[in-house]
Amino acid sequence: MDDDLKDCGGVILTAFHSFRIHADEQKHAADNRKATYQRIGSMSLSPSAPERCVSRDSMEDYWSEMKNIEEERQGGPEELMERASVDEAELEEAWLQEAGLSTLVTGTQSDGPAEALLSTLTRSQAAMVKKRLDNYTQTLRKRNRQPMRHVRDVFSTPDASSELTPPVSPNGQIAPKLPQWNAPKVPPSCPADTNGSGSASETVVLSFDVPYSEGAGAHRKGRECQDCRRICKDDRDLPSFQIVRPRQGVTRVNDLSSEDIKKIGYISLIELTTFYDFLGIEMKRNRVVRSRARDSGIFGVPLTTLLENDQKKSPGSRVPLVFKKLLSKLEQTGLQTEGILRVPGSASRVKHLRQELELKFYEDRFDWDQVRQNDAAGLLKMFIRELPNPLLTQQHLPAFTAAQSISSPKHQIQALHLLILLLPEANRDTLKALLEFLRKVVAYEEKNRMSLWNVSMIVAPNLFTFRGKNVKQEEMQGAVAAAQLVRLLITHQDLLWTVPCFLISHIRKMNEAATGKKTPTSEKSKRRLLKRWNLEKERERSEVTDFRDGVIRVHAPLHAKVSMAIQLNAEMKARDIMARFDIENGRGSRSAARRQRQYLFEVGGNIGERCLDPDAHLLDVYRVNPHCEWVLKSRLT
């Protein structure tokens, strides 16, 4: 008996020692991780901005968030992703396809935008497309594959005096010569601080008239860029950006038709790649890999699938319903809660609430009163992290991360501006909803003790890490650096969700080029096209007469007075037309006050559809799009 007890006691003692050793090893590993996070936190946000350091408190917030993410991943199965080797030719092919130039790869003729797009590129943008296509061709040759088209078939050597590359159609034929687009002259850069040091009240002027790559000419020519001398040090030193308001009005992303937004994406990718090239930044891309995504439920479901399911219940939804509900819950009860977003909720309670949401949300049986503020914040961050494809998209995450190496806040804003326009619609709308909420959190800083830096440091790892990605030291350092980008996204979100004028000009040129290249294929279609041309000629002559007289006709199908001739002058704005119809409509309609607000749209001509800024000068809009129709109607969003 005593021997048995001794043996048993020895086994227990040995097990106890093993447990102590295992616990010590875990504690040692945790201490090492913490030391790693703190060491990274002591680094500057950008190698080109040594003075932009992370505060100790902000770094602690970041470390705590990374620890929570790591513990959550250890507690559940890892999402498996389909891995594949990175092939340079495939990456270049993916770039050309996303830029709307897939016909350059396939060699087939289609009604795609390639021909019209090539005819509108600036010389710098065309050179970048040539570079990417040449790289694709050379890579295929190394693999002993014959490219569908050689780069020489697409681009000829540009004349020194020419600003545009001669347009070449995707089938290899020289396209008819189009009117050249001469980019507006670059306005003088905002002068550098005359005192030789940054000012807390510095205002940087932003103009949307010229492609950002053309404005970065100082980098291309090896000169010192005045904008790159501005470096932010803390929240107070974030510059304010003054927009030069265009006379045609500011255009928001949702003001354009879906077809034109798609074309905006093509041009934005080409422009961003050219812009990065001038700044000396390599435009890297992640190869898109497929994950085993769910097609129902809430967490781990692709945004597009969620929205398809939500729109059956709530038509017109642009942001997932559960995401909006979590934001609403936090806005109602959590904005003044100290440490909101920072202090985690109970892990077991959050896990239980997640299961309840999966089972009951779409049946309207989920009890939101049981959700505490910190639990809602945990569910919100969990939803973002568990998206099968990151909110910033897997292919563009490297470009977002690369923007942190730009020392000039102005150039960073320009890069982010183009990146936002590259995001799919579902991602862009969901990101905007998140940023609007984060701006409200920062506005209550005195109550919740969450500064702009605190919020940015907590949100950054949730945006820049995702399931299926191993978090290495260099990637964590990139996430810390990304806090600066999150800071800019929160502060300047209204600016970033507009469309620059130079991109609108691209769209107009593309649409005009596409219309001019449509040729009839049969005698019947030729006669029909000739008849249409004659009608358009008559309309053009009539509109020229109207223009001399300064008259346009506005249609308002939902108003009591459905049409009105308007005498234009140089200072008349869209809001003046809206006010005139409101006056006319209010004379005989009791429901005028209840009717949804109407906006003036330009429809057709060289644009699909554009909701006009109330401050848009109509004479300027008419001059760039004389064949459009003017329609007064409500916005969809």
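Residues numbered from 1 in each chain as written. Predicted model: local features only at pLDDT ≥ 70, side-chain atom pairs only at ≥ 80, totals over all residues. Heavy atoms only, no water.

The name given to the protein in an unreviewed UniProt entry is Rho GTPase-activating protein 18-like isoform X1, with Cyprinus carpio as the source organism. Here the protein is described in UniProt, under the heading Function (unreviewed entry), as follows: "GTPase activator for the Rho-type GTPases by converting them to an inactive GDP-bound state." (UniProt positions renumbered as here; feature names shortened; annotations may be inferred.)

Chemist: Tell me about the overall build of the protein, and please be specific about residues and values.
Modeler: Helix and strand counts for the protein come out as 25 helices and 11 strands. Looking at the protein as a whole, 48% of its 637 residues qualify as buried. Residue pairs in contact within the protein that sit at least 24 positions apart in sequence constitute 76% of those at least 6 positions apart. Carbon and sulfur atoms provide 49% of the accessible area of the protein, an area that totals close to 31,900 Å². (Helix = DSSP H or I, 4+ residues; strand = E, 2+ residues; numbered from the N terminus. Buried < 20%, exposed > 50% of the residue type's maximum accessible area, 1.4 Å probe, protein only. Contact = heavy atoms within 4.5 Å. Areas by Shrake-Rupley, 256 points an atom, 1.4 Å probe, with all protein chains shown as cover.)

Chemist: So, the sheet that holds strand 8 (residues 563-567): which residues are in play, and what are the values?
Modeler: The 5 strands are arranged 8-7-11-9-10 in an open sheet whose pairing can be described as mixed. Across the chains shown, the open sheet's two edge strands, defined by having one partner strand only, are strand 8 and strand 10 (607-611). This sheet shows a mean twist of 25 degrees between the axes of neighbouring strands, independent of strand direction. (Pairing = 2+ DSSP bridges. Axes fitted to C-alpha atoms, helices over the stretch in contact; angles between N-to-C directions.)

Chemist: Tell me about the nonpolar core, residues and numbers included.
Modeler: L101 and Y276 are the most contacted members of the largest nonpolar core, which totals 128 residues. Apart from the residues lying within four places of it in its own chain, the contact partners of L101 are L96, A114, L117, L118, V129 and I270. Judged by nonpolar contacts, the second largest core, of 24 residues, contains I552, M572, M578 and L618. (Core = buried A, V, L, I, M, F, W, Y, C linked by side-chain atoms within 4.5 Å.)

Chemist: Provide a residue-level description of the pairing of strand 11 (residues 629-633), including the pertinent values.
Modeler: The sheet contact formed by strand 7 (residues 551-555) and strand 11 spans 2 bridges and is parallel. Bridge pairing links V554 to W630 in strand 11. Alignment of strand 9 (residues 599-604) against strand 11, held across 5 bridges, turns out to be antiparallel. Paired with V603 across the strands is E629, a residue of strand 11.

Chemist: Report on the packing of aromatic side chains, specifying residues and quantitative values.
Modeler: Tallied over the entire structure, the rule returns 8 aromatic pairs. Ring centres 5.1 Å apart and planes at 75 degrees place the aromatic pair F361 and Y362 in the edge-to-face group. You can call Y362 partly exposed: its relative accessible area is 29%. Judged by centre distance (6.4 Å) and plane angle (85 degrees), the ring pair of F361 and W368 falls under edge-to-face. Here F361 matches W368 in class, with each residue buried. Cation over ring: K432 sits above W497, and NZ or CZ is 5.8 Å from the ring centre. When the ring centre of F601 is taken as origin, the NZ or CZ atom of K633, which lies over that ring, is 4.8 Å away. (Phe/Tyr/Trp six-rings, centres within 6.5 Å; stacked < 30°, edge-to-face > 60°. Lys NZ or Arg CZ within 6 Å of the ring centre and 35° of its normal.)

Chemist: Residues and numbers for the pattern of salt bridges, please.
Modeler: The full count for this structure, using the stated rule, is 23 salt bridges. Residue D620 is joined to R247 by a salt bridge in which the shortest nitrogen-to-oxygen separation is 3.1 Å. One end of the pair, D620, is in helix 25 (residues 618-624); the other, R247, is in the loop between strand 4 (240-243) and strand 5 (251-252), and 373 residues separate them in sequence. According to the relative accessible area criterion, D620 is buried, its value standing at 17%. Put simply, K313 and D364 hold a salt bridge, and the shortest N to O gap is 2.7 Å. Pair noted here: K313 is in helix 11 (residues 303-313) and D364 is in the loop between helix 13 (347-360) and helix 14 (373-385), with a separation of 51 residues, a long-range link. By relative accessible area, K313 is classed as partly exposed at 38%. Residue D364 is classed as exposed on the basis of its relative accessible area, which comes to 60%. (Salt bridge = Lys/Arg side-chain N within 4 Å of Asp/Glu carboxyl O.)

Chemist: Which residues make up the environment of L256, and what are the values?
Modeler: Relative to the helices and strands, L256 resides in the loop between strand 5 and helix 10 (258-278). Distance from L256 to R610, taken between C-alpha atoms, is 4.8 Å for residues 354 residues apart in sequence. In this structure, L256 is in contact with T251, I261, I264, V499, I504, I607, E609 and R610, ignoring residues within four places of it in sequence.

Chemist: Give me helix 19 (residues 452-464): which residues, what numbers.
Modeler: One turn of the α-helix equals 3.6 residues, which is why residues spaced by three or four share an orientation. Helix length check: helix 19 (13 residues) gives 18 Å between terminal C-alpha atoms against 18 Å at 1.5 Å per residue, within 8%. Of all 13 residues that make up helix 19, 13 are buried, and the element is covered over most of its length. (Expected span 1.5 Å × (residues − 1).)

Chemist: Quick rundown of unusual backbone geometry? Include the residues and the values.
Modeler: Positive phi, close to 70 degrees, is recorded for T393, a residue that is not glycine. Tracing the sequence through the fold places T393 in the loop between helix 14 and helix 15 (397-402). Given a relative accessible area of 0%, T393 falls into the buried group. With a phi close to 60 degrees, R449 is a non-glycine residue in the positive phi region. Residue placement: R449 occurs in the loop between helix 18 (445-448) and helix 19. By relative accessible area, which is 51% here, R449 ends up exposed.

Chemist: Which residues make up the environment of I504, and what values go with them?
Modeler: Here I504 lies in helix 22 (residues 501-517). Classification of I504 as buried rests on a relative accessible area of 5%. A C-alpha to C-alpha distance of 7.9 Å links I504 and I264, two positions 240 residues apart in sequence. When neighbours within four sequence positions are excluded, I504 is seen to be in contact with T251, L256, V499 and I607.

Chemist: Give me the lowdown on the side chain of N511, citing residues and values where you can.
Modeler: Its place among the elements puts N511 in helix 22. Beyond its immediate sequence surroundings of up to four residues, N511 is in contact with D260, K263, N606, I607 and G608.

Chemist: Outline helix 11, listing residues and values.
Modeler: Among the residues of helix 11, L303, T305, L306, L307 and D310 are the ones counted as buried. The secondary structure elements touched by the buried residues of helix 11 are helix 12 (321-333), helix 14 and helix 17 (425-443).

Chemist: Talk me through the packing of helix 12 against helix 17; I want residue IDs and the actual numbers.
Modeler: When two helices pack together, their arrangement is given by the angle between the helix axes and by the axis-to-axis distance. Contact geometry for helix 12 and helix 17: axes closest at 11 Å, N-to-C directions at 5 degrees. It follows from the interaxial angle that helix 12 and helix 17 lie roughly parallel. Of the residues in helix 17, those touching helix 12 at F323, L327, L330 and E331 are T430, A433, L434, F437 and K440. A breakdown of the residues in the contact of helix 12 with helix 17 according to their chemical character gives 6 nonpolar, 1 polar and 2 charged. (Parallel < 35°, antiparallel > 145°, perpendicular 65-115°, else oblique. Nonpolar A, V, L, I, M, F, W, Y, C, P; charged D, E, K, R; others polar.)

Chemist: Give me the lowdown on the packing of helix 13 against helix 14, citing residues and values where you can.
Modeler: The N-to-C vectors of helix 13 and helix 14 enclose an angle of 65 degrees; their axes lie 10 Å apart at closest approach. Classified by the interaxial angle, the pair formed by helix 13 and helix 14 is roughly perpendicular. As for the relative orientation of helix 13 and helix 14, their crossing is right-handed in sense. Seen from helix 13, the contacting residues are R349, V350, L353, R354 and L357; seen from helix 14, they are D375, L379 and M382. Partitioned by chemical class, the residues of the contact of helix 13 with helix 14 number 5 nonpolar, no polar and 3 charged. (Left-handed = near helix turned anticlockwise from the far one by under 90°.)

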